[in-house]
Amino acid sequence: MAGRATKATMQELKLRRIQEHNHRLREELARPRVMVSSASVNLINYCRANKDPLVPSIWGPLPKAEDPYAPVDNAGCCSANSHFRTGIVVRFKYII
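Every chain begins its residue count from 1, and numbering advances along the sequence as written. Where totals are concerned, whole chains, interfaces and linings use all residues; where local detail is concerned, this predicted model gives features only for residues with pLDDT of at least 70, and gives and counts side-chain atom pairs only at 80 or more. As a convention, hydrogens and water are excluded, and side-chain values are obtained from all of the structure's heavy atoms.

Q: Explain the overall build of the protein chain to me, and be specific about the residues and the numbers.
A: When helices and strands are tallied, the protein chain shows 4 helices and 0 strands. Comment: elements are numbered from the N terminus, with helices defined as DSSP H or I runs of at least four residues and strands as E runs of at least two. Helices and strands appear in the protein chain in the N-to-C order α-α-α-α. Expressed as a percentage of the 96 residues in the protein chain, the buried residues total 3%. Here the accessible surface of atoms and residues is derived via Shrake-Rupley with a 1.4 Å probe, and residues count as covered only by protein chains that are part of the display. Just so you have it, the protein chain exposes about 9,600 Å², and 61% of that area is on carbon and sulfur atoms. We call a residue buried when its accessible area falls under 20% of the maximum for its residue type, exposed when it is over 50%, and partly exposed in between, using a 1.4 Å probe and counting protein chains only.

Structure representation (structure tokens):
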């Protein structure tokens, strides 16, 4: 009798997994879709409308005031970031 009960629970488990998978597939099918042509047109329009400072060959060089990646000059102040920007490598030696 225990063999039949185990077989029935395995069949119920398989049925539940199939039903869950079917539910996920139905949700995927109901998701709104966008045609590739319209998505590519939207992407092209966005790229033409928004300047990208990382592509100066298309937009030209940006003024330093508008460039978010331009190095910042700190007059009279020393910081760790200024060492990294200038390429100076500081090494520490620990003596144990």
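Q: Lay out the pattern of salt bridges in plain terms, naming residues and giving numbers.
A: Whenever a carboxyl oxygen of Asp or Glu lies within 4 Å of a side-chain nitrogen of Lys or Arg, that contact is scored as a salt bridge. Taken as a whole and assessed by the stated rule, the structure comprises 2 salt bridges. Between Arg 31 and Glu 28 there is a salt bridge, with the nearest N and O atoms lying 3.0 Å from each other. On the basis of relative accessible area, Arg 31 is assigned to the partly exposed category, the value being 46%.

Q: Residues and numbers for the environment of Asp 52, please.
A: Inspection of the secondary structure puts Asp 52 in the loop between α2 (36-49) and α3 (56-59). Owing to a relative accessible area of 34%, Asp 52 belongs among the partly exposed residues under this scheme. When the C-alpha positions of Asp 52 and Leu 62 are compared, they lie 9.4 Å apart, and in sequence the two are 10 residues distant.

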